[in-house]
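Descriptive analysis of the structure
These are the residues of each chain, in order.
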There are 2 protein chains.
Amino acid sequence: MRIQKLDRHTRRNLLEDLLKRSPNQYGSYEEGVTRILEDVKSKGDEALFEYTAKFDHADINEQNIRVTEEEIREAYELAGEELISIIRKALVNIRSYHEKQRQYSWFDSKPDGTILGQKVTALQRVGVYVPGGKAAYPSSVLMNIVPAKVAGVEEIVMVTPPGKDGKVNPNTLVAANEAGADVIYKVGGAQAVGALAYGTGCIPKVDKIVGPGNIYVALAKKAVYGYVSIDAIAGPSEILVIADDSANPRYVAADLLSQAEHDELASAILVTTSEELARRVSEEVDEFLGVLSRSEIIRKSLDNYGYILVAESMDEAIDIANEIASEHLEIQTRNPYDVMTKIRNAGAIFIGEYASEPLGDYFAGPNHVLPTNGTARFFSPLSVDDFIKKSSIIGYSREALEKIHTDIEAFAQAEHLTAHANSIKVRFEDKEA
Amino acid sequence: MRIQKLDRHTRRNLLEDLLKRSPNQYGSYEEGVTRILEDVKSKGDEALFEYTAKFDHADINEQNIRVTEEEIREAYELAGEELISIIRKALVNIRSYHEKQRQYSWFDSKPDGTILGQKVTALQRVGVYVPGGKAAYPSSVLMNIVPAKVAGVEEIVMVTPPGKDGKVNPNTLVAANEAGADVIYKVGGAQAVGALAYGTGCIPKVDKIVGPGNIYVALAKKAVYGYVSIDAIAGPSEILVIADDSANPRYVAADLLSQAEHDELASAILVTTSEELARRVSEEVDEFLGVLSRSEIIRKSLDNYGYILVAESMDEAIDIANEIASEHLEIQTRNPYDVMTKIRNAGAIFIGEYASEPLGDYFAGPNHVLPTNGTARFFSPLSVDDFIKKSSIIGYSREALEKIHTDIEAFAQAEHLTAHANSIKVRFEDKEA
């Protein structure tokens, strides 16, 4: 891996480089996505079946679009007992963590008859997009469905593209069934997003669409935002490791590669205060590259977006980490919790040399759907928060309103909203008459 | 106002009608907005000054784009003591309510060395858009700035278009200063949104842009979503009143009109179980129309999107209220809290005959920036939540990881992610060697 001193020049180039991966740059696909969405809106199921034939080469119709119980039973046999048991163990941890994210309705009352509060309601129906083909990750199915389930969503509608044989990946089906999907439809791509946003004969309209997908899916989600809610648009995966000379170079190297293997746009960055560690991590990376099965992808992603940066000080390392706002941040230093207090921007923070990033992908419990591409500056991990919404509660008595009614009327008048003022005034006109 | 029986036909027409007001329908403006955003991105301040000259007919440059302390002092004199004092009283209530929305970092630890948690961090820099001209509402300035301030945002950057004289509305400036805006720039429209999203020489890049605006501002916000976060895209205002025969027709009529006066796209709907109330509210509306200053706007908005619907039962009334998912919902019935328990979808719920909607706009404390156009199905009122984000915390010891390391490795292998499996495996290879 390239080793660079973290100076102003490196810093600027690096930040510009990483932003090139933004899904905002794929304008050329937009036209096709718009056409698909319009077709689904106007032609409904017919458009779904046509696009599934065209893109997935599968023959899907009203009769077979919905995954049957028989197909799920079959999937359990194909998935095998070991994976089923691991999925169940992971689910225990994932549910337990997300249970702690629950939010509750509250109110505050005063003896004058004022009640102010906030009512928390789960979304009613949610769509979960699950990619097919080589990106069919059962762990991702768990991570998208569990928070919705914990939030209390009444109906979870999953969509996923079928293979040419009209079947869905069995591991995906097992994960969906274990996590609690209520119904699964065999449709993918922008057409599936359109179906969830507008509703078709077969597929019901949902309130929110979550789940990762390719560029067509991402653009379709962005286009329907407003009709329905969406989760953050996922970009390529990222890891940033902050390490000092106490870190184990073999662990650091292995963790960098675990993200680099995702795809050629993935980014793996080490920022260290130790030149010695920088050198040794680079050596370990080379060694692993000789044995790992996905080394071709890894090599490309490291060439594109892999960096080992040597910082002058821990503060400088922390500073660049906050600026990059990485999806995954590992802190492998002598006092990792000290460093953690200074981190503003990161999707998930892994602390200490045994908190390896894949632990979070599969098993620890926190969600692995995390803000990418610098969006950890303002977005959060997928959570129960994404599947609830709030309504303000305002209850007032005559006594409470009377104390402030002239102030409200004057404020409304200052904004020239006379009917606003009037609606307060009429309640006290008997007094003024 | 038209009175209709709430049957299936009315219901469908009504829902279709309301959706016509969606900002998603204004595709024809998109091209202009895209050009403005591209200009701001490539030419920076120069583009800001040009567009401000073109659209606001004001001469703005590096020297005068930032509102000075002198201008703020001047604004206090122009606003007058009464308004300043009312703003301060309203601020006490608004701050107090939003303080209760604070969320806190938490962690959960186990004796085996596991620490899982969630770290809450305020966004660092936020942009608040404030409209100029006839829509210059100081109350809206308070509602957008206070939750950011309570969340702990370090820097609040406000933008608002200047008048031809290069000045900003004094009431806006007083509200901004009282609420705690850190810096105010005289620029509006899509160009202001672009400046906040990309940064220019004068205006710093922010993490999130909030605040209402015209169709150009709404489309610009949608376009930059992903580079920065945005609040929900605001549509025209709405009120829905659920009332039974116990309601005061004069209060109900006054409240309907308070929303109808906003603009011609505003919607005011009464759903009642009482034909008698329906008739009497309609009469009261006619009476108020003779005296209210904004009756021309009100008449148009009632013609477009005003309805009095007579429902068979309270359950039917509640059902249509949930389907419409109104921005403001008033419950004026004998047992309003019973009805409230059945409401799923509403921005703010006003309970009882003294909880008039304008009370919430100005004074009660809850935010008046609310989801519109059916988006209360999945969006929440603007709140402290909008100005924080979360990072997962994952700390593991060797002991804790050892118990599950083979499960994680097997899960990763099942997804063919061998470098993921490797990053766990290397930590225990000494044992296996």
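Computed from a predicted structure; not experimentally measured.

This paragraph deals with the UniProt feature "binding site: NAD(+)" (unreviewed entry) in chain A. All names here are of chain A. This chain's UniProt record puts "binding site: NAD(+)" (unreviewed entry) on Tyr129, Gln191 and Asn214. The greatest C-alpha distance among the residues just named is 12.5 Å, despite their covering 86 residues of sequence, which places them together in space. Within the element layout of this structure, Tyr129 appears in strand β4 (residues 125-129). Overall, Tyr129 belongs to the buried group, its relative accessible area being 4%. Beyond its immediate stretch of four places on either side in the chain, Tyr129 contacts Val159, Pro161, Gly188, Gly189, Ala192, Val193, Val210, Gly211, Pro212, Gly213 and Val217. Here Gly189 takes part through its backbone nitrogen, which lies 2.7 Å from a polar atom of the side chain of Tyr129. The topology assignment puts Gln191 in helix α8 (residues 189-198).

Let us look at the relation of the copies chain B and chain A. With an RMSD of 0.0 Å, the operation that places chain B on chain A is a rotation of 180 degrees combined with a shift of 0.0 Å along the axis. The transformation relating the two chain copies, once decomposed into turn and shift, fits a two-fold axis. Taking C-alpha positions as the reference, the residue of chain B nearest the rotation axis is Lys222(B), at 4.4 Å. Mapped onto chain A, 100% of the interface residues of chain B are again interface residues, and the two copies thus contact each other with one and the same surface.

What follows covers the nonpolar core. With 233 residues, the main nonpolar core has Tyr396(A) and Tyr396(B) as its most contacted residues. Beyond its immediate sequence surroundings of up to four residues, Tyr396(A) is in contact with Gly113(A), Thr114(A), Leu116(A), Leu401(A), Ile404(A), Ile351(B), Tyr354(B), Ala355(B), Leu359(B) and Ala364(B). Counting 35 residues, the second largest nonpolar core, distinct from the first, contains Val33(B), Tyr51(B), Ala192(B) and Ala195(B).

Sheet architecture is open: five strands sit in the order β6-β5-β4-β7-β8 (chain A), paired in parallel fashion. Strands at the two margins of the open sheet, each flanked by one partner only, are β6 (183-186) and β8 (229-230) of chain A.

Put simply, side chains in a regular strand alternate between the two faces of the sheet. Residues and elements named next belong to chain A. With six of its six residues buried, strand β9 (residues 238-243) lies for the most part within the structure. Burial along β9 is two-sided: Glu238, Leu240 and Ile242 and Ile239, Val241 and Ala243, pointing in opposite directions, are all buried. The pairing of β9 with strand β10 (residues 267-272) spans six bridges and is classified as parallel. In the strand pairing of β10, Ile239 is matched with Ala268. Running through helix α10 (residues 249-260), the crossover from β9 to the neighbouring parallel element β10 is right-handed. The sheet contact formed by β9 and strand β12 (residues 328-332) spans five bridges and is parallel. Within β12, the position partnered with Val241 by the bridge is Glu330.

Counted residue by residue, strand β14 (residues 388-395) of chain B has eight buried out of eight residues, so it is predominantly covered. In β14(B), alternate side chains face the same way, and those of Ile388(B), Lys390(B), Ser392(B) and Ile394(B) on one face and Lys389(B), Ser391(B), Ile393(B) and Gly395(B) on the other are all buried. Across four bridges, strand β13 (residues 348-351) of chain A lies against β14(B) in parallel orientation. Bridging from a neighbouring strand, Ala348(A) pairs with Ser392(B) of β14(B).

Before going further, it helps to spend a moment on the domain arrangement of chain A. By convention, interface size is frequently given as the accessible area that disappears when the constituent parts associate. Residues and elements named next belong to chain A. In terms of domains, chain A is made up of domain 1 (3-22 + 235-364), domain 2 (27-230) and domain 3 (396-432). One C-alpha centre belongs to domain 1, the other to domain 2, and the line joining them spans 31 Å. On the side of domain 2, eight residues touch domain 1, which itself brings six residues to the contact. Across the interface of domain 1 and domain 2, roughly 530 Å² is buried in total on both sides, 59% from carbon and sulfur atoms. When the buried area of domain 1 at its contact with domain 2 is split by residue, Tyr362, Phe363 and Ala364 rank highest and sum to 72% of it. Applying the counting rule to domain 1 against domain 2 returns zero salt bridges. Counting across the interface, domain 1 meets domain 2 through one residue pair in polar contact (both at pLDDT 80 or more). Residue classes in the side of domain 1 that touches domain 2 are distributed as three nonpolar, two polar and one charged.

Tallied over the full model, the rule gives 56 salt bridges over all chains. With a closest N to O distance of 2.4 Å, Arg250(A) and Glu429(B) form a salt bridge. Of the two residues, Arg250(A) sits in helix α10 while Glu429(B) sits in helix α19 (residues 429-432), which places them in two different chains. Residue classification places Glu429(B) among the partly exposed residues on the basis of a relative accessible area of 29%. Glu74(B) serves as the salt-bridge partner of Lys167(B), at 3.4 Å between the closest nitrogen and oxygen. Placement of Lys167(B) in the loop between β5 (155-160) and α7 (170-179) and of Glu74(B) in helix α4 (residues 69-79) is noted, with a sequence separation of 93 residues between them. For Lys167(B), a relative accessible area of 35% translates into the label partly exposed. Residue class for Glu74(B) comes out partly exposed when judged on its relative accessible area of 30%. Through salt bridges with shared partners, one network takes in Arg250(A), Glu284(A), Glu287(A) and Glu429(B).

A word on the UniProt feature "active site" (unreviewed entry) in chain A. Residues and elements named next belong to chain A. UniProt records the feature "active site" (unreviewed entry) for Glu327 and His328 in the present numbering. Mapped onto the fold, Glu327 is located in the loop between α13 (314-324) and β12. Classification of Glu327 by relative accessible area gives buried; the value is 7%. Apart from the residues lying within four places of it in its own chain, the contact partners of Glu327 are Pro236, Ser237, Glu238, Ala346, Gly347, Ala348, His368, Leu370, Pro371 and Thr372. Reaching out from Glu327, the side chain makes a polar contact with the side chain of Ser237 at a distance of 3.0 Å. By the secondary structure assignment, His328 is in strand β12. In contact with His328, other than residues within four places in its own chain, are Ser237, Glu238, Ile239, Leu240, Gln259, Ala348, Phe350, Glu357, Asp361 and Leu370. In this structure the side chain of His328 is engaged in a polar contact, spanning 2.7 Å, whose partner is the backbone oxygen of Glu238.

The rules we used
Position labels on residues start from 1 in each chain and follow its written sequence. Labels are handed out in written order, letters beginning with A for the chains and numbers beginning with 1 for the ligands. With pLDDT at 70 or above as the cut-off, local features in this predicted model cover only qualifying residues; side-chain atom pairs require 80 or more to be listed or tallied, and sums for whole chains, interfaces and linings still use all residues. With hydrogens and water set aside, each side-chain value is computed from the structure's full complement of heavy atoms. UniProt positions are given in the numbering used here, feature names are shortened, and annotations may be inferred rather than shown by experiment. A run of H or I in DSSP counts as a helix once it spans at least four residues, and a run of E counts as a strand once it spans at least two, with each numbered from the N terminus. We call a residue buried when its accessible area falls under 20% of the maximum for its residue type, exposed when it is over 50%, and partly exposed in between, using a 1.4 Å probe and counting protein chains only. Only heavy atoms matter for contacts: two residues are in contact if any of them lie within 4.5 Å across the pair. Here a polar contact is recorded for every N or O atom pair within 3.5 Å, except that within protein the pair must consist of a potential hydrogen donor and a potential acceptor, and residues adjacent in sequence are included only if both atoms are side-chain atoms. Our superposition of the copies is a least-squares fit, built on the C-alpha atoms of residues whose pLDDT is at least 70 in both. To define a nonpolar core, start from buried Ala, Val, Leu, Ile, Met, Phe, Trp, Tyr and Cys residues and group those joined through side-chain atoms within 4.5 Å. Here a strand pair is declared whenever DSSP counts at least two bridges between the two strands. Look down the strands so they point away from you; if going from the first strand over the helix to the second traces a clockwise path, that crossover is right-handed. Either an automatic procedure or a domain database provided the assignment from which the domain bounds are taken. Summed over both partners, the accessible area lost on bringing two parts together, with a 1.4 Å probe, is the buried area. Any carboxyl oxygen of Asp or Glu that lies within 4 Å of a side-chain nitrogen of Lys or Arg is treated as forming a salt bridge with it. Ten residues, namely Ala, Val, Leu, Ile, Met, Phe, Trp, Tyr, Cys and Pro, are considered nonpolar, four, namely Asp, Glu, Lys and Arg, are considered charged, and the remaining ones, Gly among them, are considered polar.

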